[in-house]
Amino acid sequence: MRSTLSILPVLALLSACEGGGGTRSDPLTPQEVAGVYALCTLRFQPSNSALPAADLLTSVVDTTPPAGRPQPTIALANNATYDLAYTAQSSQFLEQIRGSIVYRENQITLTFPQNNVNAAALLMPRNLLLNYDAAARRLAGDASGFPYPVARADYAAAAGISQEGLQSSINGTLQVAFARNGC
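Residues numbered from 1 in each chain as written. Predicted model: local features only at pLDDT ≥ 70, side-chain atom pairs only at ≥ 80, totals over all residues. Heavy atoms only, no water.

Q: Please provide a residue-by-residue account of the overall build of the protein, values included.
A: Along the backbone of the protein there are 5 helices and 10 strands. Considering the protein as a whole, with its 183 residues, one finds that 36% of them fall into the buried category. The contacts of the protein with a sequence gap of at least 6 include a subset with a gap of at least 24, amounting to 58%. Element-wise, carbon and sulfur atoms account for 53% of the exposed surface of the protein, whose accessible area totals about 10200 Å². (Helix = DSSP H or I, 4+ residues; strand = E, 2+ residues; numbered from the N terminus. Buried < 20%, exposed > 50% of the residue type's maximum accessible area, 1.4 Å probe, protein only. Contact = heavy atoms within 4.5 Å. Areas by Shrake-Rupley, 256 points an atom, 1.4 Å probe, with all protein chains shown as cover.)

Q: Describe the nonpolar core, listing the residues and the values that go with them.
A: Core analysis: the biggest nonpolar cluster contains 43 residues, and Phe44, Leu76, Ile108 and Leu110 have the highest contact counts within it. Leu76 has contacts with Val33, Ala34, Gly35, Tyr37, Thr81, Tyr82, Ile101, Ile108, Leu110 and Leu139, leaving out every residue within four places of it along the chain. (Core = buried A, V, L, I, M, F, W, Y, C linked by side-chain atoms within 4.5 Å.)

Q: Account for helix α5 (residues 152–159), with residues named and values stated.
A: Those residues of α5 not exposed but buried are Tyr155, Ala156, Ala158 and Ala159. All buried residues of α5 fall inside an arc of 165° around its axis, so they share one side. Looking at the buried side of α5, the elements it contacts are β1 (35–46), β2 (54–55), α3 (56–59), α4 (117–121), β9 (148–151) and β10 (169–179). Count one or two residues on from α5 and you reach Gly160, which has phi positive near 70°. (Arc of directions from axis to C-beta.)

Q: I'd like a description of the environment of Asp142, backed by residues and values.
A: Residue position: Asp142 is located in the loop between β8 (138–141) and β9. A residue is classified by how much of its surface remains accessible, and Asp142, at 48% relative accessible area, is partly exposed. Expressed as a C-alpha distance, the spacing of Asp142 and Thr173, which sit 31 residues apart in the sequence, is 8.0 Å. Not counting residues within four places of it along the chain, the set of residues in contact with Asp142 comprises Leu174 and Gln175.

Q: Residues and numbers for the packing of aromatic side chains, please.
A: Following the criterion strictly, the structure yields 3 aromatic pairs and no others. Judged by centre distance (5.7 Å) and plane angle (75°), the rings of Phe44 and Tyr148 are edge-to-face. Pair noted here: Phe44 is in strand β1 and Tyr148 is in strand β9, with a separation of 104 residues, a long-range link. We classify Phe44 as buried; its relative accessible area is 0%. With a relative accessible area of 11%, Tyr148 lands in the buried category. In textbook terms, an aromatic cluster arises when at least three aromatic residues are bridged by ring pairs, as seen for Phe44, Tyr148 and Tyr155. (Phe/Tyr/Trp six-rings, centres within 6.5 Å; stacked < 30°, edge-to-face > 60°.)

Q: Kindly report on the environment of Gly165, identifying the contributing residues and their values.
A: Residue placement: Gly165 occurs in the loop between α5 and β10. Given the relative accessible area of 78%, Gly165 is considered exposed. For the pair Gly165 and Arg152, spaced 13 residues apart in the sequence, the C-alpha separation amounts to 9.9 Å.

Q: Tell me what's going on with the environment of Gln163, and back it up with residues and numbers.
A: As for its placement among the helices and strands, Gln163 is situated in the loop between α5 and β10. Accessibility expressed as a relative area gives 37% for Gln163, which makes it partly exposed. Along the backbone, Gln163 and Ala153 are 10 residues apart, and their C-alpha atoms lie at a distance of 6.3 Å. The residues contacting Gln163, other than those within four sequence positions of it, are Arg152, Ala153 and Ala156.

This is how it looks when you write it as structure tokens:
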């Protein structure tokens, strides 16, 4: 009798590890995250604390575009692709970035095309890992991720500072948030 009682807690722990304990063990599906999300936060934080952060929603993206232009959004399709659209502050042109999505457990990774001027202007990394909050219908990545380099000219333009005296690339991290029901 005693050996049966001592095994019960172990069995309960094992069943929790196999998916019955509240942690998701399978990747998200395209259908779970598909939809159009508003761009709520986009901020590049340089690793060098002497350099200012670049809030791209005030320096690059027009968050109040003229009539006929869409608000800054990302559309996630059922076919594992995305379309990020925004109006550029400098030109008032509609800009788009298209790429692919990798689905993970409670996360997605957006892959940005290399040598894309729009991705460079937004200081995007090659791969952007976003956590998915199903209840809030929100995707977010925080600045505690791995630093990555951006071109000096792109950073300086986004931060509103001179390139003079800057290294050829600036390392930093990106804080980003997209929300399905608006910011």
